[in-house]
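Structure at a glance
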Amino acid sequence: MIRQAVIMAGGLGSRLKERTVSMPKGFIEIGGVPIIKQSIKKLISTGVEEIIIGTGHCADWFERLEGNIRLVHNARYAETGSMGTLACCAPFVKGDFLLLESDLIYDAAGLRVLVNERHKNAALASGPTNSGDEVYLEADADGFLLRQSKNRADICALAGELVGISRLTPAALEAMVSYLDAHSADMPNMEYEAALAAVSLRTENRMPVFVRKIERYLWREIDCEAHLVAAQESVYPYIQEAESLLSVRRETLLNPGPATTADSVKYAQVCADICPREAEFGDVMDWISTELSLFAGKGRIETALFGGSGTAADEVMISSCIPENGKLLIIDNGSYGERFAKIASAYGLNFDVYKSSSFLPLDVDRVKQTALDGMYTHFAIVYHETTTGLLNPAPELCRFCHEHGITTIVDAVSAFAAIPIDMDRDGFDFMASTSNKNIQGMAGVAFVFCRKDALEKLKTYPMRNYYLNLWDQYAYFKKARQMRFTPPVQTLYALRQAIIEAKLETIAGRYARYSACWEILVHTIKRLNLNMLVPEEAQSRLITAIIEPDSPKYRFDDLHDRARDAGFTIYPGKLSAAATFRIANIGDIRPEEMSGFTLLLERYIRTL
Ligand SMILES: *Cc1c(COP(=O)(O)O)cnc(C)c1O
């Protein structure tokens, strides 16, 4: 698994003359976007978590880049070559990584080829570019790098032209740095490709670098004005075309999950087969649990993963978190609260249900009083009732329960990763969510978040089931770094990519985007004189239940089919008491798409 990339961006770019006097080469724009930004986006989409940029000339420009970026300054950039910049970055490299030059445009397929490459050290090469600035490569009979030169005459059998994208191990990097150190006197401005060829060729402690050639690879290095013109005219348009051929038809899901996913998340599922008992996969799951815990609060939170949908996580909590003599109060103001009660009943637990309107806010004082009067040990609530879009005051109620020694169980399946949550602050002991809602991954992984001290108590609780047992799942993973049973391997890779992207957007940023979509919807609803089921102040801003128009011509199926033809999926209401349809605004959707849908809705309503 490749988690880091290093971009060497220290160079002066003096051959680009006035363009790069006060700007690094990577900020040259093609198609209106700096080429280094295009590169960063491609790296993130390929699953890179952290990008290290070695800077030099005009280093402050890099501070404006977005992403999980670590800037490392090469103070001696004017005297060193790219190898000097790479050496500055080396201490921050933790594992296998991608190494790139900053002045490239390239087809993202090259990154996937390297990630998928069996040789752990490999340099991407192409057929002839005739760019006038080629670095020619020679390889041995097994395809490993022997020699590199800008002079074609130095090379016997041509293996390809160096692209400037490689994958390397930390050991190869260390060897390259040692080579630089050993030659600092005779080659002070060493370029990295010289070190790469040197470590590939050595007899002792050899780090062979495989030359991975793609004959018709689309790429260009931009070193001078002529390169820039050629790149703009005869390479960039083809890169765009090649990449667009891989895009998946866009379906905007306005149903309450599974939510729309990014193509990068879809593609993360397409990877080499792996036995999930391999340590490498344990690392992936461990990373996922740790990162999910960070989204759930600042305190000590442990996240257990299960193969299953969100309901599996609800069932895990209800079946695993209540002791023999426990007594549970369930708040039911929608179908997910009702589901909690059905699960509790299936396990024969001692529980009561507090029923409340599915569209009016809970009576907080009455709930508090009930919780105390009934001598309950456990309290279960749905944070966001997806049935109607009603946001329950779960933090206030759970904090209250906590003060009175009542353990809290929260279904945050459709709240997590949109509504900011801090389990310690909010008084949540156990919390459920899933991979296919606001975290924007694929369906198939259920999460149960646990405050550490609450979790420890489960050790002695009765084991009411086998597959969905929280303590067993948690303890086994801690011990073996494996799930007890076969995990949904590819779904977990997709979840990893979804988490990388959620971290970049931030949960606050995500909720702001969702809210912007919701506001567009609500604006249209009001303009069309439609009514919403839940008072605006009590809504989550994540899903809206709209009362069906009072017209004999209205049919949900007509609206649904029109929407579906235009690439939008909508969902009927879920309440028997009120005729509604629901529009969710979660997932990888953009405000422009919601505007597109509201236009369609308006056209349909006008036909009634
Ligand atoms: C989606 C959802 C669930 C889980 O439903 P599944 O069909 O099992 O994925 C549970 N609770 C709430 C509040 C939800 O929105």
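Everything below is about the structure printed above this text.
The paragraphs below set out a description of the structure included in this document. (Residues numbered from 1 in each chain as written. Predicted model: local features only at pLDDT ≥ 70, side-chain atom pairs only at ≥ 80, totals over all residues. Heavy atoms only, no water.)

**Focus on the environment of Glu221**
We count it as follows: Strands here are runs of E lasting at least two residues and helices are runs of H or I lasting at least four, both read from the DSSP assignment and numbered beginning at the N terminus. Note on contacts: a residue pair qualifies if any of its non-hydrogen atoms lie within 4.5 Å across the two residues.
Mapped onto the elements, Glu221 comes out in strand S13 (residues 219-221). A C-alpha to C-alpha distance of 18 Å links Glu221 and Val21, two positions 200 residues apart in sequence. With residues up to four places along the chain from it excluded, the contact list for Glu221 reads Glu101, Asp103, Leu104, Asp133 and His227.

**Focus: unusual backbone geometry**
Look at the link from Gly257 to Pro258: it is a cis peptide, with omega at -5°. Mapped onto the elements of the fold, Pro258 is located in the loop between strand S14 (252-253) and helix H8 (263-268). Its identity is not glycine, yet Thr506 carries a phi of approximately 70°, on the positive side. When you line up the elements, Thr506 lands in the loop between helix H17 (489-505) and helix H18 (507-527). Unusually for a residue other than glycine, Arg541 sits at a positive phi of about 70°.

**A few points about the sheet that holds strand S21 (residues 407-411)**
Filter applied, for reference: Here the rule is simple: two strands pair whenever DSSP picks up at least two bridges between them. Fitted lines through C-alpha atoms give the axes, limited to the stretch in contact for helices. The angle between two N-to-C directions lies from 0 to 180 degrees.
Strand order in the open sheet formed by 7 strands is S15-S23-S22-S21-S18-S16-S17, with mixed pairing between adjacent strands. Looking at the sheet topology across the chains shown, the edges are occupied by strand S15 (301-307) and strand S17 (351-355). If you compare each strand with its neighbour and ignore which way they point, the axes differ by 20° on average. Relative to strand S23 (residues 445-451), S15 is paired through 7 bridges, and the arrangement is antiparallel. Note that in S23 the partner of Phe306 across the bridge is Ala446. The strands touched by helix H11 (residues 335-346) within the sheet are strand S16 (328-332), S17, strand S18 (378-382) and S21, with S16 carrying the most contacts at an inclination of about 150°. Here helix H13 (residues 394-403) sits on the sheet and contacts S18, S21 and S23; the angle it forms with S18, its principal contact strand, is near 175°.

Interpretation note: all reported values are geometric properties and have no functional meaning in isolation.
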